[in-house]
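Architecture at a glance
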Amino acid sequence: MNIKDLSDEILFTPGHTACAGCGAPPIVRNIMKIFGKDTIIYTPANCLLVFGGTYPYLAWKVPYFHEAFENTGACISGVARALRKQGKKTLVVGIAGDGGTYDIGIQALSGAAERNEDVIYICYDNEAYMNTGIQRSGSTPYGAATTTTPAGTKIPGKLDHKKDMAEIMRAHEVPYVATMSIAHQRDFLEKAKKARDVEGFRYLHIISPCPTGWRFDPSLTIEMSRKAVDSGMWTLFEAEYGEITNIYKPKKKIPVKEYLMGQGRFRHFTPEMVEELQRWVDHKWKRIYGEEP
Amino acid sequence: MYEIRFHGRGGQGGKMAAEAYALAAFLEGNYAVSFPFFGAERRGAPVKAFTRVDDKKIRIKTQVYEPDYVVVLDETLIETQDVLEGLKKDGTVIINTQRKPEEVRLSKPVKCATVDATGIALEVLGRPITNTAILGALARATGRVKIESVEQAIMEKFGARLGRESGEKNARAARMAYEQTLVGTSQGGKEFVPRPQWLPDVHEMPIGGAIGTMKTEAGLIGIGSFVENKTGDWRTFIPAIDKEKCIGCRFCWFYCPEGCISMVEGKAEVNYDYCKGCGICAHECPAKAIEMTREVKA
Amino acid sequence: MIQKLERKKMVITGDYAAAYGGMISGAEVVAAYPITPQTLIVEDFATFVNDGITDAEFIMVESEHSAMSACIAAQAAGARTFTATSSQGLALMHEMLFIAASLRLPIVMPVVNRTVAAPIGIWCEYNDSMPQRDTGWMQMSCEDNQEVLDMVIMSYKIAEHRDVLLPIMPCLDAFILSHTVEPVEAPSSDEVAQYLGKYEPVAKLDTENPMAIGTFAPPEYIQELRYHNHMAMENAKRVIREVTRDFARTFGHDYHGLIEEYRCDDADVVLITIGTVTGTAREVVDELRERGKKVGLVKLRFYRPFPREELQKIAERVGAIGVYDRAVSFGSGGPMFIETRHALYGHSIPIMNFLAGIGGRDVMKKDVEKMFEMLLEAKEGKTSKEIVWIGTRGVTP
Ligand SMILES: Cc1ncc(C[n+]2csc(CCOP(=O)(O)OP(=O)(O)O)c2C)c(N)n1
Ligand code: SF4
Ligand code: SF4
Ligand code: SF4
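No experiment lies behind these values; they were computed from the predicted model shown. (Residues numbered from 1 in each chain as written. Chains lettered and ligands numbered in written order. Predicted model: local features only at pLDDT ≥ 70, side-chain atom pairs only at ≥ 80, totals over all residues. Heavy atoms only, no water.)

**Concerning the interface of chain A and chain C**
Test applied: Should any heavy atoms of two residues lie within 4.5 Å, those residues are considered in contact. A 1.4 Å probe defines the accessible area here, and the buried area is the portion of it lost by two parts on being joined, summed over both. A pairing counts as a salt bridge when a side-chain nitrogen of Lys or Arg comes within 4 Å of a carboxyl oxygen of Asp or Glu. What qualifies as a polar contact is a pair of N or O atoms within 3.5 Å, subject to a donor-acceptor requirement within protein and to the restriction that residues adjacent in sequence count only when both atoms come from side chains. Each helix is a run of DSSP H or I of at least 4 residues and each strand a run of E of at least 2, with the numbering of both proceeding from the N terminus. Side-chain classes are defined by residue name, with Ala, Val, Leu, Ile, Met, Phe, Trp, Tyr, Cys and Pro counting as nonpolar, Asp, Glu, Lys and Arg as charged, and the others, Gly among them, as polar.
Chain A puts 40 residues into the contact, and the matching count from chain C is 41 residues. For the pair chain A and chain C, the two sides together bury roughly 3000 Å², of which 62% comes from carbon and sulfur. Here chain A is connected to chain C by 5 salt bridges. Where chain A meets chain C, there are 14 residue pairs in polar contact (both at pLDDT 80 or more). Those elements that place two or more of their residues in the side of chain A that touches chain C are strand E1 (39–42), helix H2 (47–51), strand E2 (64–65), helix H3 (72–85) and helix H5 (106–114) of chain A. Element by element, the count of residues in the side of chain A that touches chain C is highest for H3 of chain A, at 10 residues. Residue composition of the side of chain A that touches chain C, grouped by class: 18 nonpolar, 11 polar and 11 charged.

**Some remarks on the nonpolar core**
What counts here: Nonpolar cores were defined as sets of buried Ala, Val, Leu, Ile, Met, Phe, Trp, Tyr and Cys residues, with membership established by side-chain atoms within 4.5 Å. Using a 1.4 Å probe on the protein chains alone, a residue whose accessible area is under 20% of its type maximum counts as buried, one over 50% counts as exposed, and one in between counts as partly exposed. Domain delimitation in this document rests on an assignment produced automatically or drawn from a domain database.
Formed by 108 residues in total, the largest nonpolar core has its most connected members in Tyr 20, Phe 45, Met 138, Ile 158, Ile 321, Phe 354 and Phe 372 of chain C. Shared between two domains, this core takes at least three residues from each, and those domains are domain 1 (8–251) and domain 2 (259–389) of chain C. Ignoring anything within four residues of it in the chain, the contact list for Phe 372 of chain C reads Val 269, Leu 271, Val 284, Val 285, Leu 288, Val 295 and Gly 296 of chain C. Listed in part, the 102 residues of the second largest apolar core include Tyr 55, Phe 188, Val 256 and Phe 266 of chain A.

**Structural notes on the site of ligand 1**
Residues and elements named next belong to chain A. How we decide: Being near a molecule or strand, for a residue, comes down to having at least one heavy atom within 4 Å of it. Using a 1.4 Å probe, the Shrake-Rupley method yields the accessible areas, and only the shown protein chains count as cover for residues.
If you check the shell around ligand 1, you find 18 residues, and the closest are Gly 99, Gly 100, Tyr 124, Ala 128 and Met 130. Cys 47 has a polar backbone atom sitting 3.0 Å from an oxygen atom of ligand 1. Gly 99 is positioned with one of its backbone polar atoms (N or O) 2.7 Å from an oxygen atom of ligand 1. Burial of ligand 1 by the protein chains amounts to 78% of its free accessible area of 590 Å². Across the shell around ligand 1, the residue classes break down as 8 nonpolar, 7 polar and 3 charged.

**Side note on the domain arrangement of chain C**
Residues and elements named next belong to chain C. Split by domain assignment, chain C resolves into domain 1 (8–251) and domain 2 (259–389). Using only C-alpha atoms to locate each centre, domain 1 and domain 2 end up separated by 28 Å. The partner domain 2 presents 26 residues to the 29 residues of domain 1 that form the contact. For the domain 1 face of the interface with domain 2, the top three residues by lost area are Met 130, Arg 133 and Glu 143, together amounting to 28%.

**Here we look at the environment of Met 60 of chain C**
Inspection of the secondary structure puts Met 60 of chain C in the loop between strand E3 (57–59) and helix H3 (64–76). Of the residues examined, Met 60 of chain C reaches a relative accessible area of 46% and is grouped as partly exposed. When the C-alpha atoms of Met 60 of chain C and Tyr 33 of chain C are compared, they prove to be 6.7 Å apart, with 27 residues separating the residues in sequence. Beyond its immediate sequence surroundings of up to four residues, Met 60 of chain C is in contact with Arg 115 of chain A together with Ala 32 and Ala 46 of chain C.

Shown next as structure tokens:
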């Protein structure tokens, strides 16, 4: 599948209030072109909730629903079961941020996955709690400065590494898990299509660069996704029932440093910190590709 | 008591300016409060902040509706909204612009002070952060606080966050603005149509707030209605597509966060009603067919 | 769909009555999580599903928070839902209770009243449900297992009424009802189906008619919505009175609306009770009446909406009112006492609060007798006590 095959119909309209250059709207708009009109959307509390609509206005052109922050897994389960009772084939999709997925929402998510609910769960990962003002999450990478892990004189940013959420979801052995980047158009669209067509629990995890929180020029959003993949900070793979079925390998691996440059959240990095992050990437690389980077 | 309303864009530091001014007034023995309009606006959206100053404790907790002074950090805002709304009869507006007061067109002719805060900031700070320079102009135009107090407030407030050197530079920007501010009278006559709001009473309010799509006096509401929100006025940079160069690859169409690029006869076209000027399209265009320039608003 | 079930008499626990009520009312989606002493409800419902008595979707969620979240979602998608919880489980749901009520979703959730830790205990206290007062849920208490079953069925009728559209928690006392068997008469599935009709939501998630439910909203809209909830609760009083009357005609069991008076007509003093203590207190009233004491009893069924008008009428004819509470609002008094005082503003009779049975301690006949004794003293002006702890070691009532 190619972007030329995508329809012109827009199900997430312009007029939304995301920051200029936000990575999330193109993800959402394009994925909705694949999912189509017979879709119900749930969003928990996050940037997407807020920039996607302020009463009485809404960017969504499909039925839209919000309850709270930590319960996406349960909310989409409830909708899906009611529809099953009504004999409907509508796609039920929850779109949560990394905070709503890795941290406060992991319990409801795990429960829904374990029950193999017939839903799609999407995590758009901007690596912090952006809606509340850039606080760290379980997804924030090592060293990154956030408002709760500031680059202080004593503690230089976040001390812990990013949690491997996609692996946790793969361990649930659900029908489909995929990690995605919008910069990889064809891969992105194929995975979205696959997710649409598979039955049972599907988990899509998409990197969503945030110019405001990561502090980079808004024109570089797509570039950031690309570099995240090329550096190994973000890995693209697919898994079915826990088995990895497809891994994307960057043509040329770039040093982590090249990804960090240009992002204000890493500006305070010392060479040792760069090295520590590189070590983490290399370790992951080896685990995934089975070879030394 | 006097009241000030600051107009800026999310991320420009209007709130910091309002707070720093309150601190300056406090340093001169006044009582001062400052608060932002708490909205859900993201970076780039028009936002407001307020400061109130008095010689005794300020008890009122409402928002400011009839300010004595209006400060505009971003010139583009005067094109899309009536910044003079509610301004007291002999009030003053302070605008960041290269223009002279007499060249500025607003809804009414009013006492107007102008300063090129962006130019000063670029010169002194190396970045177009205007929230400190504009305070110099405010001090000059109103005479309510001494420039020395503004400098001290900036050092305290910005120095604490960004380091002493940065605090000093910001104070210098304020001083320069103070010296370069022009005071005069603006032109009037510019018309603004206020955007109508849908305000249902309890009988019209849908149960549980659930809505489908409805046409109201305020336009479309409900499902798919955000198209009513023209985000084009967030923009400071504007893309121009060279149709000759465009190869119709659709990359810009795919990546544009606003979804405001459409393909017309195989060529990309921008709907400027929504374009926020992020520059992604230009950066991603493989044919280098898109150029971003600083927008000059008529 | 449920199997055809005949009218029958069963000897069942309160929990079974609750589960049976949800099932026979045609709950289509159930999401629940077990907690003592509500566990039997979940287990009984699971048995109904696994034995094919109902084809309801049962979502075995991983927490009460998710149970309520899933019920809200399913109800928003147009399904009739059912869940049940207790104590810590209800506390964990707290956040979601507001959302159910504000979205105007008529969810029915039996709550088995159990003390909230610490110390952790499993016995009856109302400090789980009563703190949910301001979430916008209707809340009522049952006296016996028949009332539990009837009330679950009536709950759907009340909650789904167009003038109400609010969620409701019929409450039953831990163990005293939940795990106690007694004879209960159940209506047939046809009778219930005819009585309740189909659930017709005012708004639902449906791709053929897309709607937005729960959008982020600024202050311009929220106050009107809150007013709606306020009015819906006021309307509920009328609807509850109508529904209990109608239920009595249809099924033969009369619950008299928001309260039930027992021997109040010529009473000098009355005691307001809630839950199972009511049954014990009826005994005491009879005995005291035999001894010539003019005492009466008011069984308060609904805590939300609160039967203000009914209590005002009673206050006009009696000399003192006592309010029994099985929970404390620290810094003030028992929750029902606070409400009653508020409802009776302007009446000059003594109003006393009796706290007893806290943490599940048994409330005995002698305890209730003590309450009446003190009320009679108050009527004579012999005591001016207001808040009285009954049966607390080292504290003189
Ligand atoms: C129970 C609860 N705790 C905290 C919050 C406040 N809150 C709202 S959104 C949010 C962060 C969202 O972060 P994430 O899921 O990463 O999405 P993002 O905004 O970054 O896109 C928080 C902490 C809440 N709404 N509910
Ligand atoms: S803060 Fe980041 S994620 Fe949120 S709208 Fe702005 S750019 Fe997007
Ligand atoms: S600059 Fe380009 S990508 Fe950005 S909003 Fe405007 S048209 Fe879209
Ligand atoms: S990215 Fe460039 S070449 Fe491709 S469609 Fe857009 S303007 Fe044309």
